[in-house]
Amino acid sequence: CEAELPADIAVCAAAVADWRVADAVSQKLKKDGAKPALELIENPDILATLSKAGNRRPRLVVGFAAETDNLIANATVKLARKGCDWLVANEVGEGKAFDQDENEVTLLRKTGAENWERQSKHNIARQLADEIVTFFNAA
């Protein structure tokens, strides 16, 4: 992603994986009675990296937060920690977000949070696109 900078906008949907195995093996782990010990290390944080890209930073950096609890509190902390401009946050878990045609999200900006009504994911994407257009038209 850094190789593509500078850019006007970065929309970082979701982490492919926050963690990976530290020492991947090239052979199958056999069932020999012993449980394998796996050490995990963090993957690079693309959202935080793009948010801190200095003079090559996109004018608008948008991230996403899937939370299982304390949606607004956890998303607000993530917004500050990542350094992005906006964060689209939603609750996940039993019957929420995944495998659903609809979702309910909150758009967090450094100036506050805006709850969006439950609607189709397509409409949420369109509403986010409209917000982005408004941002760039105001600039």
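Quick look at the structure, then. Since the structure is predicted, the reported quantities are computational estimates derived from the model, not experimental observations.

Focus on the pattern of salt bridges
Close approach of charged atoms allows side chains with opposite charge to pair. Here the structure, examined in full by the defined rule, presents six salt bridges. A salt bridge links Lys 82 to Asp 45; the nearest nitrogen and oxygen atoms lie 2.2 Å apart. Taken together, the residues Lys 82 in helix α2 (residues 71–82) and Asp 45 in the loop between β3 (40–42) and α1 (46–51) connect sequence positions 37 residues apart. When the shortest N-O distance is used, the salt bridge between Glu 102 and Arg 118 registers 3.5 Å. In this pair, Glu 102 is assigned in strand β6 (residues 102–103) and Arg 118 in the loop between β8 (112–115) and β9 (119–120), connecting sequence segments 16 residues apart. According to the relative accessible area criterion, Glu 102 is partly exposed, its value standing at 37%. What emerges from the salt-bridge pattern is a single network uniting Arg 57, Asp 85 and Lys 110.

Definitions and cut-offs
Residues numbered from 1 in each chain as written. Predicted model: local features only at pLDDT ≥ 70, side-chain atom pairs only at ≥ 80, totals over all residues. Heavy atoms only, no water. Salt bridge = Lys/Arg side-chain N within 4 Å of Asp/Glu carboxyl O. Helix = DSSP H or I, 4+ residues; strand = E, 2+ residues; numbered from the N terminus. Buried < 20%, exposed > 50% of the residue type's maximum accessible area, 1.4 Å probe, protein only.

From the geometry alone we can't say anything about function, so treat these as descriptive.
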